[in-house]
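So you can see what is in the structure, the chains are spelled out below.
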Amino acid sequence: QVQLVESGGGLVQAGGSLSVSCAASGRTLSNYAMGWFRQVPGKEREFVAAINWKGDVINYADSVKGRFTVSRNNAKNTVYLQMNSLKPDDTAVYYCAATPMRHVATQLAEAYNSWGQGTQVTVST
């Protein structure tokens, strides 16, 4: 399995921007489609965005569409999530995940078999 490490989380004011990254090791990232999920304590993990191995199939949750952008650089084995116009409701631990179903950008958490440890994103009012 691929190992994933997120970075770039932090505290930002509402309306601001933040970028989080996910670095992969152990396997070539181009073998995987990648997803971003988020979770608030006491709530279920929520799909945010997904991107297929080539980057030409992308899927977003309605709640982030138009504000978040997912991208990837297979040469750097890294996936990115650019978050703009952040809202307090975006506060969560953000996780990246990998699925061998590399041709699709699935929002189904059960399709992903490798997960990072998560990075906290906090949006203040």
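Placed above this text is the structure.
Counting of residues starts from 1 at the beginning of each chain's written sequence and follows it residue by residue. A pLDDT threshold of at least 70 governs which residues receive local features in this predicted model, and a stricter bar of 80 or more applies before side-chain atom pairs are shown or counted, although totals over entire chains, interfaces and linings include all residues. Based on all heavy atoms of the structure, the side-chain values leave hydrogens and waters out of the count.

I would appreciate a short explanation of the overall build of the chain in the present structure.
Broken down by element type, the chain carries zero helices and eleven strands. In terms of overall dimensions, the chain has a C-alpha envelope of 40 × 25 × 25 Å along the principal axes. Exposure categories follow from relative accessible area, calculated using a 1.4 Å probe and restricted to protein chains: below 20% of the type maximum is buried, above 50% is exposed, and the middle band is partly exposed. Going through the 125 residues of the chain one by one, you find that 45% of them count as buried. In the chain, 59% of the contacts between residues at least 6 apart in sequence involve partners at least 24 apart. Carbon and sulfur atoms form 49% of the exposed surface of the chain, whose accessible area is close to 6100 Å². Both charge centroids of the chain, one from 11 positive and one from 8 negative side chains, sit 8 Å from each other. Numbering of helices and strands starts at the N terminus; helices are DSSP runs of H or I of at least 4 residues and strands are runs of E of at least 2. Should any heavy atoms of two residues lie within 4.5 Å, those residues are counted as being in contact. Residue exposure ignores everything except the shown protein chains as possible cover, and the areas themselves are Shrake-Rupley values with a 1.4 Å probe. Note that His is not counted, nor are the chain ends; the positive residues are Lys and Arg, and the negative ones are Asp and Glu. The location of each charge is read from NZ of Lys, CZ of Arg, CG of Asp or CD of Glu.

Where do I start with the environment of L18 in this structure?
With respect to the helices and strands, L18 occurs in strand β3 (residues 18-25). Counting along the chain gives 50 residues from L18 to F68, while the straight-line C-alpha distance between them is 9.7 Å. With near-sequence residues (within four places) excluded, L18 lies in contact with G8, G9, G10, L81, Q82, M83, L86 and V121.

Please clarify how the pattern of salt bridges should be interpreted in this entry.
For this analysis, a salt bridge means a side-chain nitrogen from Lys or Arg found within 4 Å of a carboxyl oxygen belonging to Asp or Glu. Tallied over the entire structure, the rule returns four salt bridges. When the shortest N-O distance is used, the salt bridge between R38 and E46 registers 2.8 Å. For E46, a relative accessible area of 33% gives the class partly exposed. Between D62 and K65 there is a salt bridge; the shortest N-O distance is 3.2 Å. Among the residues examined, D62 registers a relative accessible area of 67% and is labelled exposed. When salt bridges with common partners are traced through the structure, they connect R38, E46, R67 and D90 into a single cluster.

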